Amino acid sequence: MARCALGLLLALLAPFAGAAAAEFRSTAEAAVLYDAPSAKAKPLYALGRDYPLEVIVNVEGWLKVRDAGGTVAWIEKKSVGEKRVLSVRASVADVLANPDASASLVFKAEQNVLLELVDPAYVTTTPGWAKVRHRDGQVGYVRIQQVWGL
């Protein structure tokens, strides 16, 4: 009986299994992050434009976010855009011409360099790789283990 109930519970929860996927966005403008969802709250730090953030909670005009360093803070929703930006977390990441370890090198990106995610469908189109663009226009593929923001 218990096994049957467990099977039923798992079947009911199956459609929601992917619902816990992380949501990443980036700052659309320079922005201040606060310790609470209010402009009257204590300002913690400021970020420049195009900085990647993981959205944890979405509450009436405010987002509770986590940055690449793990710091959790609040930001006004209007300061965050849809553009996807990744931060290099490896000391140096090789950006290659194709999603293949033997592909030619396009450029090297040092730790904390920001790269725009060109293809948000990277999970299915290039498993293990993300297609990115450097701010100077160079485009290539980076291993997803070397970046933060996915």
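Cut-offs applied
- Residues numbered from 1 in each chain as written.
- Predicted model: local features only at pLDDT ≥ 70, side-chain atom pairs only at ≥ 80, totals over all residues.
- Heavy atoms only, no water.
- Core = buried A, V, L, I, M, F, W, Y, C linked by side-chain atoms within 4.5 Å.
- Buried < 20%, exposed > 50% of the residue type's maximum accessible area, 1.4 Å probe, protein only.
- Helix = DSSP H or I, 4+ residues; strand = E, 2+ residues; numbered from the N terminus.
- Contact = heavy atoms within 4.5 Å.
- Polar contact = N/O pair within 3.5 Å; in protein donor to acceptor, adjacent residues only side chain to side chain.
- Salt bridge = Lys/Arg side-chain N within 4 Å of Asp/Glu carboxyl O.
- Phe/Tyr/Trp six-rings, centres within 6.5 Å; stacked < 30°, edge-to-face > 60°.

S.K.: Explanation requested: the nonpolar core in the structure shown.
M.R.: In this structure, Leu-86, Val-88, Leu-115, Ala-130, Val-132 and Val-142 are the most contacted members of the largest nonpolar core, which totals 13 residues. Residue assignment for this core shows that the elements contributing at least two residues are β8 (85-88), β9 (92-96), β10 (105-110), β11 (114-117) and β12 (129-133). Residues in contact with Leu-115, not counting those within four places in the same chain, are Arg-84, Val-85, Leu-86, Val-88, Phe-107, Ala-109, Val-132, Arg-133 and His-134.

S.K.: Quick question: what am I supposed to make of the side chain of Ser-26 here?
M.R.: Assignment of secondary structure puts Ser-26 in strand β1 (residues 23-27). Take Ser-26: its relative accessible area is 1%, and that puts it in the buried class. Reaching out from Ser-26, the side chain makes a polar contact with the backbone oxygen of Lys-83 at a distance of 2.6 Å.

S.K.: It is not clear to me how the pattern of salt bridges should be interpreted in this structure. Could you clarify?
M.R.: When charged atoms on two side chains of opposite charge get close, those side chains can pair. In this structure the tally under the stated criterion is seven salt bridges. Of the charged contacts in the structure, one is a salt bridge between Arg-25 and Glu-23, with a shortest N-O distance of 3.3 Å. Note that Glu-54 and Arg-66 form a salt bridge whose closest N and O atoms lie 2.9 Å from each other. Taken together, the positions of Glu-54 in strand β4 (residues 52-59) and Arg-66 in strand β5 (residues 62-66) put the pair 12 residues apart, joining distant regions of the chain.

S.K.: Looking at this model, I keep getting lost on the packing of aromatic side chains. Mind explaining?
M.R.: Note on aromatic pairs: each is described by the distance of the centres and the angle between the planes. Inspection of the entire model under this criterion finds two aromatic pairs. Judged by centre distance (5.2 Å) and plane angle (90 degrees), the rings of Phe-24 and Trp-148 are edge-to-face. Of this pair, Phe-24 sits in strand β1 while Trp-148 is found in strand β14 (residues 147-148), placing the two residues 124 residues apart along the sequence. Each member of the pair Phe-24 and Trp-148 is classed as buried. Ring geometry for Tyr-34 and Trp-62: centres 5.7 Å apart, planes at 80 degrees, overall edge-to-face. Pair noted here: Tyr-34 is in strand β2 (residues 31-34) and Trp-62 is in strand β5, with a separation of 28 residues, a long-range link. For Tyr-34, a relative accessible area of 12% gives the class buried.

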